[in-house]
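What the coordinates show
Here are the chains, one letter per residue:
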Amino acid sequence: MYDELTKIDIQKLKDELEYRIGTVRPKILEEVKFTRSFGDLSENAEYHAAKRERGKNESRIRYIRNMLKTAIVIDSESNQNEVGLFDTVTYYVEEDDCEEQVRIVTTLRQNSMEGLISKESPLGKVLMGKTVGERLLVKVSDDYSYYIVIKNIQKGEDDASLEIRKF
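What comes next concerns the included structure. (Residues numbered from 1 in each chain as written. Predicted model: local features only at pLDDT ≥ 70, side-chain atom pairs only at ≥ 80, totals over all residues. Heavy atoms only, no water.)

Looking at the pattern of salt bridges
For the structure shown, the criterion picks out 11 salt bridges. For D9, the salt bridge identified is with R109, shortest N-O distance 2.4 Å. With D9 in helix 1 (residues 7–36) and R109 in the loop between strand 4 (98–105) and strand 5 (116–118), this pair connects stretches of sequence that are 100 residues apart. Taking the relative accessible area as the measure of exposure, D9 reaches 0% and is therefore buried. With its nearest N and O atoms 4.0 Å apart, the salt bridge here joins D142 to K139. Judged by its relative accessible area of 73%, D142 falls in the exposed class. Overlapping salt bridges bring together E4, K119 and E120 as one network. (Salt bridge = Lys/Arg side-chain N within 4 Å of Asp/Glu carboxyl O. Helix = DSSP H or I, 4+ residues; strand = E, 2+ residues; numbered from the N terminus. Buried < 20%, exposed > 50% of the residue type's maximum accessible area, 1.4 Å probe, protein only.)

With respect to helix 2 (residues 45–70)
With 26 residues, helix 2 extends 37 Å from end C-alpha to end C-alpha; this agrees with the ideal 38 Å at 1.5 Å per step. Buried residues along helix 2 sit against strand 1 (4–5), helix 1 and strand 2 (72–73). A distance of 3.3 Å separates the backbone nitrogen of E46 from a side-chain oxygen at the start of helix 2, and that oxygen is part of N44. (Expected span 1.5 Å × (residues − 1). Contact = heavy atoms within 4.5 Å. Polar contact = N/O pair within 3.5 Å; in protein donor to acceptor, adjacent residues only side chain to side chain.)

Right under this line is the structure:
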């Protein structure tokens, strides 16, 4: 599966990759060498912790390289009256009798605790391309779905202020 990323997502990944290879990797390698000198490796907690950090960094480097290799670059532009990427949407949840607000983002920047939902999530998929006043069925699973009504769309743009997900 290919991840759909914006040009800014790609740049953020490239910047992180450069930082991890050029700055983090050498520091961790020095730490591994230094802690190895503490003696018996079977009882050397500092050495094992440094090796774990090295593994985490190398794993993140592989992940970023794979994301860059398989990414499909998408445009964040959308019609003025339709929900698009980086737009903030206010919607009414019928079963809860309340309004909620979310911002539609790429998968790489999602953070549901901050109201940032992926365009590939069940809610994100339903909202994309829709207009104010539409009543939509959000199917979360085979057993659960709910209706929403779009109340407002606040147009947004990819301004690079949203951090990419670390893991």
